[in-house]
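Listed below are the residues making up each chain.
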Amino acid sequence: MQISSTTNSSLLSITSDPATQGVTTSQSYVDIVKSLIGDTTYQTRDEVNANDGELEQFRKSLSTKGAAVFLADQNQEKIDALVEKYRQKLLDEQAKNPDKTMNIAKMVSDYKEQLMKELEKAQEAEKSKTALPAQTIFKERVAQATPINSEGNLQQLLNVQTSASKKELGLFE
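Worth saying up front: this structure is predicted, and the values here are computed from it rather than measured.

Reading the values: the criteria
Residues numbered from 1 in each chain as written. Predicted model: local features only at pLDDT ≥ 70, side-chain atom pairs only at ≥ 80, totals over all residues. Heavy atoms only, no water. Salt bridge = Lys/Arg side-chain N within 4 Å of Asp/Glu carboxyl O. Buried < 20%, exposed > 50% of the residue type's maximum accessible area, 1.4 Å probe, protein only. Helix = DSSP H or I, 4+ residues; strand = E, 2+ residues; numbered from the N terminus. Contact = heavy atoms within 4.5 Å.

### Things to note about the pattern of salt bridges
Turning to step 1, where the next piece is worked out: Counted by the stated rule, this structure contains six salt bridges.
Turning to step 2, where the next piece is worked out: Across the pair Asp 73 and Lys 65 runs a salt bridge, and its minimum N-O distance is 2.9 Å.
Turning to step 3, where the next piece is worked out: Judged by relative accessible area, Lys 65 falls into the partly exposed class, the value being 35%.
Turning to step 4, where the next piece is worked out: Across the salt bridge formed by Lys 100 and Glu 93, the nearest N and O atoms sit 3.0 Å from each other.
Turning to step 5, where the next piece is worked out: Using a relative accessible area of 42% as the deciding quantity, one classes Lys 100 as partly exposed.

### What to know about the environment of Leu 90
Turning to step 1, where the next piece is worked out: Looking at the secondary structure, you find Leu 90 in helix 5 (residues 67-96).
Turning to step 2, where the next piece is worked out: According to the relative accessible area criterion, Leu 90 is buried, its value standing at 4%.
Turning to step 3, where the next piece is worked out: Distance from Leu 90 to Met 107, taken between C-alpha atoms, is 8.7 Å for residues 17 residues apart in sequence.
Turning to step 4, where the next piece is worked out: Beyond its immediate stretch of four places on either side in the chain, Leu 90 contacts Met 102, Ile 104, Met 107 and Val 108.

Here is the structure:
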């Protein structure tokens, strides 16, 4: 008898109105999700960004200083952090070996100078990467070309520049 009563209640839930059953199923799903995640309200990206103090500070600093100064300041902060870390490492090493004589100020100064040189090299490399390929090719061809004294050489240089420009734009002859 117990089996038939369980079967009858299962049949009742299956045969009951599907519209109301779907609402309770979806409602229970929503309740489960809310209990797991928490009841969070939706915020747009602009609202999230407006509440982010670090992002606001970044925007303010960038707009007041300008891109070049901001980047220079950021690089200087990185260098200062590396120098301080190196200084602390040297101080720890000196504390472990008090007999070892070390000129920490000189070593730190040399390290900072080395970092500044590396930064300058990186900036120069970046500048050379940003040169336009067509201009670079044209400059190389002009340097390799013989002096322009006839119409044939001039026409040859113009063809080189035109073909380089077409390649850059994706146009092929």
